[in-house]
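What the coordinates show
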Amino acid sequence: MIFKTLWRKKSKSEDKKADIVNQLDSFKYKTAIETRFADFDMMGHVNNAVYFTFMEIGRSKYWKQAIQWDWKKTGVVIASASLNYISPVLIDDKISMYVRTSRIGTSSFDLEYLIVKLTNGDEVVCSRGKTVCVAYDYERQSAVPIPDHEKNKMIIFEQLSNS
């Protein structure tokens, strides 16, 4: 008995690194990230859990410098966080982080992150992350709509459409 399987030909997707490098232009905010000795494991590279701390640092700087989010009026909680590791960060590497708002909903929005290191004058992508952030009222203990003035600041800074 002979079995014949017909597989659809799938087009080859580009290399993951090439895809990410092409996206660097779409980020409008970049900040330096300082590493500490405690960030590194015994193998000499940044411990995987520390990348989420780097995302928190980048997110806080982004909100303060680029968006000017008013923390006293509306809090933000992280509903989801994910990270893809692409290339290790070693102890002598100088790293930076790109941050952008990629989606804005009614009460939540997505932030995307790229951590890059400078190698021979070129930026090498080390990781790509994403968080889903929710506008939150701590007194009522519930999600709230993103205030219009905060939403407008994100739309203007990121040059997103208002739909």
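Residues numbered from 1 in each chain as written. Predicted model: local features only at pLDDT ≥ 70, side-chain atom pairs only at ≥ 80, totals over all residues. Heavy atoms only, no water.

Comments concerning the pairing of strand 5 (residues 122-137)
Within a regular strand, side chains alternate between the sheet's two faces. Here strand 2 (residues 75-85) runs beside strand 5; their pairing, made up of 10 bridges, is antiparallel. Note on strand 5: the bridge partner recorded for Asn84 is Arg128. The sheet contact formed by strand 4 (residues 108-119) and strand 5 spans 12 bridges and is antiparallel. Each residue of the ladder has a partner; that of Thr119, found in strand 5, is Asp122. Counted between consecutive antiparallel strands, the loop separating strand 4 from strand 5 contains two residues, among which Asn120 sits at a positive phi close to 50 degrees. The pairing of strand 5 with strand 6 (residues 142-143) spans two bridges and is classified as antiparallel. By the bridge assignment, Asp137 is partnered in strand 6 with Ser142. Hairpin geometry of strand 5 and strand 6 is characterised by an intervening segment of four residues between the two adjacent antiparallel strands and by a positive phi of about 60 degrees at Gln141. (Pairing = 2+ DSSP bridges. Helix = DSSP H or I, 4+ residues; strand = E, 2+ residues; numbered from the N terminus.)

Quick word on the packing of helix 2 (residues 50-67) against helix 3 (residues 148-158)
Where helix 2 contacts helix 3, the two axes come as close as 10 Å, and the packing angle between them is 85 degrees. In terms of axis orientation, helix 2 runs roughly perpendicular to helix 3. Packed against helix 2, whose contacting residues are Tyr62, Ala66 and Ile67, the element helix 3 presents Glu150, Lys153, Met154, Phe157 and Glu158 at the interface. Residues belonging to the contact of helix 2 with helix 3 are distributed by class as follows: five nonpolar, no polar and three charged. (Axes fitted to C-alpha atoms, helices over the stretch in contact; angles between N-to-C directions. Parallel < 35°, antiparallel > 145°, perpendicular 65-115°, else oblique. Contact = heavy atoms within 4.5 Å. Nonpolar A, V, L, I, M, F, W, Y, C, P; charged D, E, K, R; others polar.)

Considering unusual backbone geometry
In this structure, Gln141 takes a positive phi of about 60 degrees despite not being glycine. The residue Gln141 is located in the loop between strand 5 and strand 6 in this model. With relative accessibility at 54%, the residue Gln141 sits in the exposed group. Positive phi, normally seen in glycine, also occurs at Gln159, with a value near 55 degrees. Considering the arrangement of structural elements, one finds Gln159 in the segment after helix 3. (Buried < 20%, exposed > 50% of the residue type's maximum accessible area, 1.4 Å probe, protein only.)

Treat this as a map of the structure, not an account of what it does.
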